[in-house]
Amino acid sequence: CKVAIDGRDEEVYSDELIGDIARLHYSGSNWHGVFQKYDTDVMLIPVAYKEVYDNIKKLYDWKLIYKDDIAAVFVPKNKSDQKWQKIDEDFDINKEKFISRFSQERK
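Residues numbered from 1 in each chain as written. Predicted model: local features only at pLDDT ≥ 70, side-chain atom pairs only at ≥ 80, totals over all residues. Heavy atoms only, no water.

(A) Representation of the pairing of strand S3 (residues 71-76). Among the six residues that make up S3, six are buried, leaving the element largely enclosed by the rest of the structure. Residues of S3 alternate between two faces, with Ala71, Val73 and Val75 on one and Ala72, Phe74 and Pro76 on the opposite face, all of them buried. By the bridge criterion, four bridges tie strand S1 (residues 43-46) to S3 in an arrangement that is antiparallel. Along S3, the bridge assignment pairs Pro46 with Ala71. By the bridge criterion, five bridges tie strand S2 (residues 62-67) to S3 in an arrangement that is antiparallel. Considered in S3, the bridge of Trp62 is made with Pro76. (Buried < 20%, exposed > 50% of the residue type's maximum accessible area, 1.4 Å probe, protein only. Helix = DSSP H or I, 4+ residues; strand = E, 2+ residues; numbered from the N terminus. Pairing = 2+ DSSP bridges.)

Structure follows, in C-alpha coordinates:
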(Lines give C-alpha, C1' and ligand atoms only; values in the text may rest on other atoms or scores of the structure.)
Protein backbone atom coordinates (compact mmCIF):
# COMPACT_ATOMS: atom_id res chain seq x y z
CA CYS A 1 0.00 0.00 0.00
CA LYS A 2 1.47 3.35 -1.03
CA VAL A 3 0.49 6.57 0.69
CA ALA A 4 -0.67 9.22 -1.77
CA ILE A 5 0.12 12.18 0.44
CA ASP A 6 0.79 13.03 4.05
CA GLY A 7 1.87 16.04 6.12
CA ARG A 8 5.19 16.42 4.28
CA ASP A 9 3.48 17.59 1.11
CA GLU A 10 5.66 20.58 0.22
CA GLU A 11 8.92 18.79 0.97
CA VAL A 12 8.57 15.48 -0.84
CA TYR A 13 5.65 15.50 -3.28
CA SER A 14 5.49 16.88 -6.79
CA ASP A 15 3.34 19.89 -7.65
CA GLU A 16 1.34 17.62 -9.95
CA LEU A 17 0.46 15.21 -7.14
CA ILE A 18 -0.41 18.04 -4.75
CA GLY A 19 -2.63 19.55 -7.44
CA ASP A 20 -4.37 16.23 -8.06
CA ILE A 21 -5.01 15.66 -4.36
CA ALA A 22 -6.28 19.24 -4.00
CA ARG A 23 -8.66 18.60 -6.93
CA LEU A 24 -9.94 15.52 -5.10
CA HIS A 25 -10.18 17.33 -1.77
CA TYR A 26 -12.06 20.31 -3.19
CA SER A 27 -14.14 18.28 -5.68
CA GLY A 28 -12.56 20.02 -8.65
CA SER A 29 -13.01 18.98 -12.28
CA ASN A 30 -12.65 15.24 -12.81
CA TRP A 31 -11.84 14.78 -9.11
CA HIS A 32 -12.65 11.06 -9.26
CA GLY A 33 -10.15 10.62 -12.10
CA VAL A 34 -7.42 10.83 -9.46
CA PHE A 35 -8.32 7.27 -8.37
CA GLN A 36 -7.62 5.83 -11.82
CA LYS A 37 -4.51 7.92 -12.39
CA TYR A 38 -2.82 6.61 -9.25
CA ASP A 39 -4.35 3.11 -9.26
CA THR A 40 -5.97 3.70 -5.86
CA ASP A 41 -6.93 0.57 -3.97
CA VAL A 42 -7.70 1.93 -0.47
CA MET A 43 -8.79 5.35 0.75
CA LEU A 44 -8.59 6.50 4.34
CA ILE A 45 -10.64 9.68 4.60
CA PRO A 46 -11.23 11.80 7.72
CA VAL A 47 -15.00 12.00 8.21
CA ALA A 48 -14.49 15.66 9.07
CA TYR A 49 -13.83 16.17 5.33
CA LYS A 50 -17.58 15.87 4.85
CA GLU A 51 -17.74 16.90 1.19
CA VAL A 52 -15.00 14.45 0.17
CA TYR A 53 -16.50 11.68 2.31
CA ASP A 54 -20.01 12.26 0.90
CA ASN A 55 -18.73 12.38 -2.70
CA ILE A 56 -16.81 9.12 -2.39
CA LYS A 57 -19.73 7.45 -0.64
CA LYS A 58 -21.89 8.24 -3.70
CA LEU A 59 -19.52 6.55 -6.17
CA TYR A 60 -21.02 3.29 -7.43
CA ASP A 61 -17.67 1.51 -7.76
CA TRP A 62 -16.41 2.22 -4.20
CA LYS A 63 -17.53 0.55 -0.98
CA LEU A 64 -17.31 1.80 2.59
CA ILE A 65 -15.75 -1.03 4.63
CA TYR A 66 -15.06 0.77 7.92
CA LYS A 67 -16.13 4.00 9.64
CA ASP A 68 -15.77 5.45 13.11
CA ASP A 69 -15.93 8.98 14.55
CA ILE A 70 -12.57 9.90 13.01
CA ALA A 71 -12.15 8.24 9.64
CA ALA A 72 -13.66 6.04 6.97
CA VAL A 73 -12.03 3.41 4.78
CA PHE A 74 -13.18 2.84 1.22
CA VAL A 75 -12.09 0.16 -1.25
CA PRO A 76 -13.08 -0.51 -4.85
CA LYS A 77 -16.13 -2.77 -4.94
CA ASN A 78 -14.22 -5.28 -7.04
CA LYS A 79 -11.77 -5.68 -4.12
CA SER A 80 -14.29 -5.46 -1.29
CA ASP A 81 -14.57 -9.24 -0.90
CA GLN A 82 -10.90 -9.53 0.02
CA LYS A 83 -10.05 -10.11 3.65
CA TRP A 84 -9.15 -6.87 5.40
CA GLN A 85 -7.65 -6.76 8.85
CA LYS A 86 -10.06 -5.29 11.35
CA ILE A 87 -9.20 -2.95 14.18
CA ASP A 88 -7.85 -4.52 17.36
CA GLU A 89 -10.68 -4.21 19.88
CA ASP A 90 -8.14 -4.10 22.73
CA PHE A 91 -6.23 -1.16 21.22
CA ASP A 92 -5.72 1.64 23.74
CA ILE A 93 -4.87 5.07 22.35
CA ASN A 94 -3.64 6.25 25.75
CA LYS A 95 -0.60 8.43 24.97
CA GLU A 96 1.21 7.80 28.27
CA LYS A 97 0.82 4.04 27.88
CA PHE A 98 2.20 4.22 24.34
CA ILE A 99 5.20 6.33 25.38
CA SER A 100 5.91 4.02 28.30
CA ARG A 101 5.76 0.90 26.11
CA PHE A 102 7.87 2.54 23.39
CA SER A 103 10.50 3.59 25.95
CA GLN A 104 10.68 0.05 27.36
CA GLU A 105 11.11 -1.49 23.90
CA ARG A 106 14.02 0.84 23.08
CA LYS A 107 16.03 -0.24 26.16
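Additional details are given in the paragraphs that follow.
(B) Inspection of the nonpolar core at higher detail. Among the nonpolar cores identified, the biggest contains 17 residues, and Phe35, Met43, Ile45, Ile56 and Phe74 are the most heavily contacted of them. Secondary-structure elements contributing two or more residues to this core are helix H2 (15-25), helix H3 (33-37), S1, helix H4 (50-58) and S3. (Core = buried A, V, L, I, M, F, W, Y, C linked by side-chain atoms within 4.5 Å.)

(C) View of the sheet that holds S3. Here three strands make up an open sheet; going across it, the order is S1-S3-S2 and the pairing antiparallel. Looking at which strands have only one partner, the edges of the open sheet turn out to be S1 and S2. In this sheet, adjacent strand axes meet at a mean angle of 30 degrees when their direction is disregarded. (Axes fitted to C-alpha atoms, helices over the stretch in contact; angles between N-to-C directions.)

(D) Summary view of the packing of aromatic side chains. Evaluated as defined, the whole model comprises one aromatic pair. Judged by centre distance (5.8 Å) and plane angle (55 degrees), the rings of Tyr53 and Phe74 are tilted. Residue Tyr53 is located in helix H4, and its partner Phe74 is located in strand S3; the two are separated by 21 residues in the primary sequence. On the accessibility criterion, Tyr53 (7% relative accessible area) is buried. (Phe/Tyr/Trp six-rings, centres within 6.5 Å; stacked < 30°, edge-to-face > 60°.)

(E) Structural detail: H4. Residues Val52, Tyr53, Asn55 and Ile56 constitute the buried set of H4. In an axial view of H4, the angular spread of the buried residues amounts to 165 degrees, which keeps them on one side of the axis. For H4, the exposed residues lying more than 90 degrees away from the buried face are Lys50 and Lys58. Buried positions along H4 lie against H2, H3, S1, S2 and S3. (Arc of directions from axis to C-beta. Contact = heavy atoms within 4.5 Å.)

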